[in-house]
Amino acid sequence: MKDMHQVGKSPDKIDSLALATGDEKFTDDFTLDDLLFAVLLYSPHAHAQIDGIDCTEALKVPGVVDILTHENVPRVLHSTAGQGYPEPSPYDALLFDKRVRFVGDRVALVAAESESAAREALGKIKVEYRLLEPLFHMEEAMKEGSPRIHADDEHVKIPAIYEPERNLCAEVNITLGDLDRGFNEADFIEEHTYRTQAVSHCAIELHTVKSCFDVRGRLVIISSTQVPFHARRIVSRVLGIPLWMIRVIKPRIGGGFGGKQEVFLEPLAALVTWRHKRPCRIVLTRKEVFISSRTRHAMRIRLKTGVRVDGSISALEMDGLLNSGAYGTHALTVLSNVGAKVLPLFNKIENLRFHGRSVYTNLPVGGAFRGYGASQGYFAFNQQIDMIARRTGQDVREYIKKWHIKEGETSAVFKALGEGKEGVSQTIRSCRLGECIDRGADAIGWKEKRGKRLKTGIDSVRGVGMAVAMQGSGIPKIDMASAYMKMNEDGSFNLFVGATDIGTGSDTILAQIAAEVLQVPVESIIVLSSDTDLTPFDTGAYASSTTYISGAAVKKCAIELRKQIFRTAARMLDRDIEQLSLECGKVVDTRNGKALSFEEIAYHATYFEDQFQIQGHASHTSTQSPPPFIAQFAEVELDLRTGRVAVVKFVSAVDCGQPINPKLVEGQVEGSVLQGLGYALTEDYAFDSNGKMLNPRFWDYKIFTAADTPEMITIIVDSHEDSGPFGAKSVGEIAINGPAPAVANAIFDAAGIRLYELPMTPERVWKKLEESSEG
Amino acid sequence: MKGEFVVNGKRVRCTFSTDVTLLDLLRSEGFTEVKEGCREGQCGCCVVLLEGKLVNSCQVFAASAMGKEITTVKGLGNLHSPHPLQTAFVEAGAVQCGFCTPGMILAAYALLKENPDPNDEEIIQALDGNLCRCTGYVKIIQAVKRGARRMRS
C-alpha cells in the first residue's frame, strides 16, 4: 500500500479545542429572543384511556401561552424511529393520543413564558384516566386474552409481518438447511435461555430542541439529532408543513448512541413555533430521558446448538423475543440484526434457523442503541461457544479461529436476513479476527490466567474470558451519503457533508479523507456538516455507516476536485494530465519538475482564464456492508462472599479495516467497552408493579465512572478493506458487543458459574455461587 | 433579587429570583460553557470554581454566590490562548462529544492546584464526580497527566 500522509494519522479532532474552551455550541447554547419554554406532561399509568383533559386551571397560570393535547394537534400516525423512507418501523405513534401506553407516555405539552410557569401549569392539568389492564411481560404479550396495546389504524409501510391485534410488532423467520437432520446428527445439545435488559443511552447532553422562524418565514429547527434530514422529513409529514419551509441544523451533539436517532421532540417544538410564531425550547430532564425517550430493547434469546464430538455445530436454532415496549420503533430491524450480525460469524453451520418476534408491552419504548441487536445476540452466542469449546476439550481461542468466517468466504445468512427485509449477499474481503484473537489473548495474559482460578485474597478469585463479534459498515442498498466541495483561491477547500458528527469525530475523519485525496494538510479542509439548507443529504449517524458510506462519498467528491485541479494545471502548463502528479498542495510537471501551487491553480481558475469554480459533488451507496471484527478479553475478580464482580483488565483487538484516525478509533472502542461493561454489570431499569421506573436518575441508575474503569488495552490490527475509503470499515458500534459475554465467560472461568441474565449484579452472582456450592 | 458576582474576572450584575440555581443564572447570563446534564449534582457537567472550590452549580443557589468569584472553563483559557490542560485534553484525544469536557477540565484543574503531581488513583478520585459516556475515561486520565506535566514545567 502506498504511503498515506493524512489517513492513518491522528490529527487533533477539529472541534476539540473549542469544546475544551467551552466555545462550541450545543443546541441549548443558542440564545433565541422571545422564547417559549415547553414542558411535557407524562402518563403516570402504564395503560389508560384518557376520557377527558381539563386545562382550564392550567391556562390561568400567568405566563402560560398554550397547551397541546390530543384534542388540538394533527392526528398523523407516524414512526419516531428516524429511519430512511419508507421506515421499516410501524406507524403507530401520534403526537398525542387518547390512549397512553406506558408510564412516561406523553399526555400534553405546556408552552409558557418561563419554564417554572410551564411546570406549574403541568400540575394543574386535570386528566381523567380510565385505567386499562397493563401488559408488562413480553412472554404474555401474545397470549389469548392479553390486553391489546395497538389495534386501530396502526400499520406498516413496508411488506412485513405486523399484527397489532395480538401485540406482534414484528416477526422474522429464516431457515437454512435441514434443522431436524442437523440436530439428529449432533452428539450433544446445548440449549440455554439468555435474558438481556433495557438500558438507557445516557448521552450526557439531554435531548434538546429549539425552533424559530427565520427572516423569510421559514421554520428553523436546531436539534440534538443524529438524523437531521430524517427529522426534516418527519416534521414535514407529521405537521403538514412543506419540506422546503423547514431547515434543520445540527450543532455540536453531546453524544447519541442511537438515542438521538428518535425524532420525537422536533415536531412538538416546531408545532409551538408554528402556532405562535415564536421560538420554542424543549430540554428534557434526566428523569424524562430515562422514562420517556428510548432504551435498548430487552430480549429473551433461546439458543440451541447441536454439536458433534469434535465441536462442529451440526445445527443452530436461535429464537429471540424482543420487548419493544409501547411503540415499535426499530423493533423489526433490531430483531433482524440479532441474527444478521451474529449468525454469519460461524458460517460453516449448514442447518440454521433464526426466529424472532418483537412484541408490544406497556413499558418504555425500545429504540436504536449502539450494537443494535448484535449486543443482545452476542451475549448468548459467545457464552454458548465458550460452553461448547469447554465441553469438547478445546481452547476457545482455537475453536473460534477454526470456525469463524474467513476472507473469501460468505454466509447464506447475509442474503437471507437483512434489516427488516431480505439481505444482500456478500463475500468477506477483509477479516483479521484470528490475529485479533492472538494479540488480544497475549495482552490479557490468557495462557497464564485462563483456567487457573488465581486467588488474590481469601475470598477473591480471578478468571479470564473472551468474546468475539462482527458488525456491519452501513446498511447496504439503503444508506446514502453525499458531499460537496469547492476550492478557495488560496488552495483551501470547503467540504459540505450531510454526515452527522455526534461527538464521534466524523467531521475530522472526513476532512482527513479529503486531505488524503488532495494531498493537503487536514487544516486546509474546512468542514461544514449537517444543515439541511447548506449540506447535501446523508441518512445520518447510525448503523456504523459514517466512515464507510459518508467517507466514500467524500473520497469520490475529492477525486472529482482533483480532476478539475489537474485539468486546470494541464492547461496552465500546456501538458497532458498524465504528465502531472500531485505533491503536497502542488501539481508537479513530472518532465521538468516545474510545480504549480494549489493557490496558483485556484487563482487562475477563479480570475484569469476559462474562469470557473473548482467544485464537485458526489453521492455514495453500497451494495455491501463489510463487517469489522473484534476479539475482546476480560479479566475479572470475583468476591466469593458478596458476588461482586470487578473487571480488572479489559483488552479489545479490532479489525476495522484501515483506521482513518487511530486515536479516534481507540476512543470509539474504549467508550464502547465502558458502556458495555455498564450493560454487563450495573445498568438496569427497575420497575414497580405498575410499570413505573424506580431509578430514573444517575444516583440510582449506575453508569461507570472513572473509578470503575479497568486497565484498558486497545489493539488495532493491520487490515485493509478494498471496498472502503482508503481501506476503512467501521468501528462505532462493534466494541460494545463483547464486554457482557466476555465478563460472563470470565466469571465462569473464575468460579464455574453461568450467568444467563444481565446485568450480572452481585445478587445474581451470589445466588449462582450459593446454588453451585449446594450442588 | 439583584446581585453582583465576578465571573472569570469580570463583574456581572444580575437580577434573579431567589430560588434560581447558580447553573441557571450563569447560563442565562451567557456562560453557556457551564453545561446541564442532570440537575442533581451527579454528572459534574455544571461544575464551576466558586471562590476556588469546585462545586456543582446546579446544587448552589445563585443568591449564595453573590459577591463571590466564579471561574468557568473559559476563565482558564480560550481558543487563542488555551490553558495547558485544555491543550492536553485535545492532544490526548480526551474530547469526544465534548459535553462533559468543561466540567472534566475544571475538576482536573482543581486537583492540580492542590496536587501538581497526582498519581492515577488520585486523578480517578478527583474525576469521580464527573460522568463521561463517550471516552471510557482512558484518554481523560491520560490528558490530566499530560496537563499536569505541562503545568509543572
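Residues numbered from 1 in each chain as written. Chains lettered and ligands numbered in written order. Predicted model: local features only at pLDDT ≥ 70, side-chain atom pairs only at ≥ 80, totals over all residues.

Residues and elements named next belong to chain A. Pairing in this open sheet of 3 strands is antiparallel, and the strands run β22-β23-β24 from one edge to the other. Two strands in the sheet have a free side with no partner beyond their single neighbour: β22 (580–583) and β24 (595–597). For this sheet, the mean angle separating the axes of adjacent strands, direction not counted, is 25 degrees. Where β22 lies against strand β23 (residues 586–589), 4 bridges are found, and the strand directions are antiparallel. (Pairing = 2+ DSSP bridges. Helix = DSSP H or I, 4+ residues; strand = E, 2+ residues; numbered from the N terminus. Axes fitted to C-alpha atoms, helices over the stretch in contact; angles between N-to-C directions.)

With that settled, the discussion passes to the interface of chain B and chain A. In this assembly, 44 residues from chain B lie in contact with 46 residues from chain A. Sorting the residues of the side of chain B that touches chain A by element identifies α2 (73–76), α3 (84–92), α4 (101–114), α5 (120–127) and α6 (138–152) of chain B as the ones contributing at least two each. Per-element tally for the side of chain B that touches chain A: the top contributor is α3(B), with 4 residues. Across the side of chain B that touches chain A, the residue classes tally to 22 nonpolar, 13 polar and 9 charged. (Contact = placed C-beta atoms within 7 Å. Nonpolar A, V, L, I, M, F, W, Y, C, P; charged D, E, K, R; others polar.)

Bringing the packing of α4(B) against α5(B) into the picture now. Residues and elements named next belong to chain B. At their nearest, the axes of α4 and α5 sit 9 Å apart, and the two run at 130 degrees to each other. Judged on the interaxial angle alone, α5 and α4 are oblique. As α4 runs across α5, the sense of the crossing is right-handed. Counting all contacts with α4, which are made through Met 104, Ala 107, Ala 108 and Leu 111, the residues of α5 involved are Glu 122, Ile 123, Ala 126 and Leu 127. For the contact of α4 with α5, the class distribution of residues is 7 nonpolar, no polar and 1 charged. (Parallel < 35°, antiparallel > 145°, perpendicular 65-115°, else oblique. Left-handed = near helix turned anticlockwise from the far one by under 90°.)

With that settled, the discussion passes to the environment of A:Asn695. All names here are of chain A. Its place among the elements puts Asn 695 in the loop between α17 (662–681) and β28 (711–716). Judged by C-beta crowding, with 16 C-beta atoms within 10 Å, Asn 695 ranks as partly exposed. C-alpha of Asn 695 to C-alpha of Asp 684: the two residues are 11 residues apart in sequence and 8.6 Å apart in space. Apart from residues no more than four positions distant in its own chain, Asn 695 is found in contact with Ala 686, Asp 700 and Tyr 701. (Buried ≥ 20, exposed ≤ 12 C-beta atoms within 10 Å, placed from the backbone.)

With that settled, consider the domain arrangement of chain B. Residue and element names in this part refer to chain B. Entries for chain B in the domain assignment read domain 1 (2–75) and domain 2 (77–152). Distance from the C-alpha centre of domain 1 to the C-alpha centre of domain 2: 21 Å. The interface of domain 1 with domain 2 comprises 14 residues on the first partner and 12 residues on the second. Counting only elements with at least two residues in the side of domain 1 that touches domain 2, the list comes to β3 (47–50) and α2. Top element by residues in the side of domain 1 that touches domain 2 is β3. It accounts for 3 residues. When its residues are assigned to classes, the side of domain 1 that touches domain 2 shows 9 nonpolar, 2 polar and 3 charged. (Domains from an automatic or database assignment.)

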